[in-house]
Amino acid sequence: MLLLALESSCDETAAAVVKDGRQIRSNLIASQVELHAVYGGVVPELASRRHLEVINPLVEEALSKASVNKAELEGIVVTRGPGLVGALLVGVSFAKAFAYALGIPLIGVHHIEGHILAIQLEQQVDFPFLAAAVSGGHTHLYRVEGIGRYRLLGRTVDDAAGEAFDKVAKMLGLGYPGGPIIDKLAATHDDGGIVFPRPLLKKNTLDFSFSGVKTAVLNYLHRLENPPGEELIGRIACAFQTAVVDVLTQKILRAAEAENLERIVVAGGVACNSGLRQHLSRLTEGSERTVYFPSPVLCADNAAMLAVAGDYYLSRGASSGFDLNAVSSWPLEQVVWG
Ligand code: KG4
Ligand code: ZN
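Note that the structure is predicted; figures quoted are calculated from it, not measured. (Residues numbered from 1 in each chain as written. Chains lettered and ligands numbered in written order. Predicted model: local features only at pLDDT ≥ 70, side-chain atom pairs only at ≥ 80, totals over all residues. Heavy atoms only, no water.)

(A) Expanded view of the coordination of the zinc ion (ligand 2). Bound to the zinc ion (ligand 2) on the protein side are His111 (NE2), His115 (NE2) and Asp301 (OD), at distances that span 2.0 to 2.1 Å. When the donors of the zinc ion (ligand 2) are listed by position in the chain, the intervening gaps give H-x3-H-x185-D. With His111 in helix α4 (residues 111-117) and Asp301 in the loop between α10 (296-299) and α11 (306-315), this pair connects stretches of sequence that are 190 residues apart. Using a relative accessible area of 7% as the deciding quantity, one classes His111 as buried. On the basis of relative accessible area, Asp301 is assigned to the buried category, the value being 14%. (Donors = N, O, S within 2.8 Å, 3.2 Å for Na, K, Ca; no water. Helix = DSSP H or I, 4+ residues; strand = E, 2+ residues; numbered from the N terminus. Buried < 20%, exposed > 50% of the residue type's maximum accessible area, 1.4 Å probe, protein only.)

(B) A look at the packing of aromatic side chains. Inspection of every chain in the model, using the stated rule, returns seven aromatic pairs. Ring geometry for Phe127 versus Phe129: centroids 5.3 Å apart, planes at 20°, classification stacked. Look at Phe208 and Phe210: their rings are 5.8 Å apart centre to centre, the planes differ by 15°, and that puts the pair in the stacked class. Taking the relative accessible area as the measure of exposure, Phe208 reaches 1% and is therefore buried. Judged by its relative accessible area of 0%, Phe210 is buried. When the ring centre of Trp330 is taken as reference, the NZ or CZ atom of Arg80 above it lies at 4.5 Å. The residue whose ring lies beneath Arg316 is Tyr312, and the NZ or CZ to ring-centre distance is 3.7 Å. (Phe/Tyr/Trp six-rings, centres within 6.5 Å; stacked < 30°, edge-to-face > 60°. Lys NZ or Arg CZ within 6 Å of the ring centre and 35° of its normal.)

(C) Spatial organisation of the sheet that holds strand β10 (residues 290-292). Ordered by their spatial adjacency, five strands build an open sheet running β8-β7-β6-β9-β10, and the pairing between neighbours is mixed. Edge positions in the sheet fall to β8 (149-155) and β10, since each has one partner strand and no second. Within the sheet, the average angular offset between the axes of one strand and its neighbour, ignoring direction, is 25°. Across four bridges, strand β6 (residues 129-134) lies against strand β9 (residues 263-267) in parallel orientation. Residue Ala131 lies in a different strand from β9, and its bridge partner there is Val265. (Pairing = 2+ DSSP bridges. Axes fitted to C-alpha atoms, helices over the stretch in contact; angles between N-to-C directions.)

(D) Inspection of the domain arrangement of the protein at higher detail. You can read the domains of the protein as domain 1 (2-117 + 298-334) and domain 2 (127-293). In this structure, domain 1 and domain 2 have C-alpha centres spaced 27 Å apart. Counting residues at the interface gives 21 residues for domain 1, matched by 22 residues for domain 2. Taking both sides of the interface into account, the surface hidden between domain 1 and domain 2 amounts to around 1700 Å²; carbon and sulfur atoms contribute 74%. (Domains from an automatic or database assignment. Contact = heavy atoms within 4.5 Å. Buried area = accessible area lost by both parts, 1.4 Å probe.)

(E) Structural detail: the packing of helix α5 (residues 161-171) against helix α8 (residues 230-258). Put simply, α5 and α8 touch, their axes get as near as 11 Å, and they point 175° apart. The orientation of α5 with respect to α8, classified from their angle, is roughly antiparallel. Along its contact with α5, which presents Ala161, Ala164, Phe165 and Val168, the element α8 presents Phe240, Gln241, Val244 and Leu248. Class assignment for the residues of the contact of α5 with α8 results in seven nonpolar, one polar and no charged. (Parallel < 35°, antiparallel > 145°, perpendicular 65-115°, else oblique. Nonpolar A, V, L, I, M, F, W, Y, C, P; charged D, E, K, R; others polar.)

Structure (structure tokens):
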């Protein structure tokens, strides 16, 4: 099927044209980072307004880049949730109107389902596999039996990993979003002997906790007599990233072992992190396990990732009605299409 995919769950408006849930014809992302950077985080009302402004021209551009005519589209897939409800509503309403006008089916899919399946746009990863969804809102481990068949193995009990990156960057005065900035600093500094805690690592659980690491950074900063200079900020960033990467890699490997899964897919914005990519790849090298990271553009929020599940469901006759509504919270295990 030739699908138009739309994503607007947070601060990126994205539109893509994808054939058969595998071939990306176009994949455009209009980032709002600059709009929110001055506030140090996403302002929901501003996000919705910006989505409204850009969605129409972005869709036109995605169609034109793909050399596809509206009339050739066979379906529309849109993020239904989870995310900021006002932001999601822009994509959902647009998708409904478009589908109605063109007389084609529509399907609302789960944002994290999109992230987990994004890798299939680049290479085939056979089921079952372990999926680690690490983003600004999620740090969840799933056993994935197939599209629509997800079993939760562990999750963060407080902050998501990306959220911790963003909050620590803010404490260090580094700007928003913090993940890429900390990643860069960590690559060019050592930790200078600073060690932050690894919460829940020793416990027999696949759950995560990142708020303690964040508080440890805050306490470290409070104990300093003078504001930290550039060198010390780099070291703190490195020590923080090392702690988060250590926890993520160890729990991911533990989950793969417990579930006897050979394939591991890491997805979501934090999967862009170079420390995480290197560490996990190194630890699995030469072992029976293979780790898969999508290209950075498919790790971060994008619309093409939604087309994998969208194509699968639509081509099996499932679709959403015009009463489709956006949902801010929606556990992935409750996805029922499969
Ligand atoms: O998946 P995503 O684009 O949006 C959500 O669904 O949340 O993830 C965004 C998160 C942000 O918290 C951002 O700081 C983080 O991913 N992130 C990173 C990196 N690039 C983005 N975190 C660590 N290292 C990176 N290189
Ligand atoms: Zn995301």
